[in-house]
Amino acid sequence: KSTMMPCCSKFICNGCEYANSIYELEGCLDRKCPFCRHPVPKSEEETKRNIMKRVEANDPVAMRQMGGMRRSEGDYDGAFEYWSKAAGLGDVGAHYQLSVVYREGLGAEKDK
């Protein structure tokens, strides 16, 4: 299992994230991303803001993540749009999500 860091759109395994957290706690250090050293977001709102910055920078991983957020909110058209952009930039996960959209017919015409 892994976690996407909203600041830089990099994935880190949960074990490495846990080890970094322990290191920071023991050293009384501020929580930061182990990749870009950006402070970890303190709220859901800040997380979404960071992901949107990555989307504006044409980061396909952030676009796929935003598509997932839109889908969970019930905005299938918005999810389709983000996944289409990410797939156009070569994100394999976005291609998979689009295949699911076409199979289920949510946000696009269902395949027969």
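Look a little higher up for the structure.
The shown structure was predicted, so the numbers you read here are calculated from the model rather than taken from an experiment.

Caption draft 1: Spotlight on the overall build of the protein. Across its full length, the protein carries five helices and two strands. Its C-alpha atoms give the protein principal-axis dimensions of roughly 55 × 25 × 25 Å. By residue count, 32% of the 112 residues in the protein fall in the buried class. Taking the contacts inside the protein whose residues are at least 6 apart along the sequence as the reference set, 38% of them involve residues at least 24 apart. As displayed, the protein has an accessible area near 7,100 Å², and 52% of this comes from carbon and sulfur atoms.

Caption draft 2: Local environment of the nonpolar core. If you look at the biggest cluster of nonpolar residues, it comprises 17 residues, and the most contacted ones within it are Ile51, Val55, Met66 and Trp83. Looking at this core, the elements that each hand over two or more residues are α2 (44-56), α3 (60-72), α4 (76-88) and α5 (92-104). If we ignore the near neighbours within four places in the chain, the residues touching methionine 66 are Lys48, Ile51, Met52, Val55 and Tyr82. Core analysis: the second largest hydrophobic core is formed by five residues, Met5, Cys8, Ile12 and Cys33 among them.

Caption draft 3: A look at the environment of tyrosine 23. Topologically, tyrosine 23 is positioned in helix α1 (residues 14-26). As a C-alpha pair, tyrosine 23 and serine 99 span 76 residues in sequence and 41 Å in three-dimensional space.

Caption draft 4: Region of interest: the pattern of salt bridges. In total, this model carries nine salt bridges according to the counting rule given. Its salt-bridge partner being glutamate 24, residue arginine 31 comes within 3.9 Å of it at the nearest N-O pair. Among the residues examined, glutamate 24 registers a relative accessible area of 2% and is labelled buried. Each of Glu17, Glu24 and Arg31 takes part in salt bridges that share partners, so that together they form one network.

Caption draft 5: Looking closely at α2. The end-to-end C-alpha distance of α2 is 18 Å, a good match for the 18 Å that 13 residues give at a rise of 1.5 Å each. Looking only at α2, the buried set comprises Thr47, Asn50, Ile51 and Val55. When α2 is viewed along its axis, its buried side chains cluster within an angular range of 145° and face the same direction. Projecting away from the buried face of α2 at angles above 90 degrees are the exposed residues Glu45, Lys53 and Glu56. Looking at the buried residues of α2, the elements they touch are β1 (2-4), α3 and α4. Phi turns positive, to about 60°, at asparagine 58, one or two residues after α2.

About the cut-offs
- Residues numbered from 1 in each chain as written.
- Predicted model: local features only at pLDDT ≥ 70, side-chain atom pairs only at ≥ 80, totals over all residues.
- Heavy atoms only, no water.
- Helix = DSSP H or I, 4+ residues; strand = E, 2+ residues; numbered from the N terminus.
- Buried < 20%, exposed > 50% of the residue type's maximum accessible area, 1.4 Å probe, protein only.
- Contact = heavy atoms within 4.5 Å.
- Areas by Shrake-Rupley, 256 points an atom, 1.4 Å probe, with all protein chains shown as cover.
- Core = buried A, V, L, I, M, F, W, Y, C linked by side-chain atoms within 4.5 Å.
- Salt bridge = Lys/Arg side-chain N within 4 Å of Asp/Glu carboxyl O.
- Expected span 1.5 Å × (residues − 1).
- Arc of directions from axis to C-beta.

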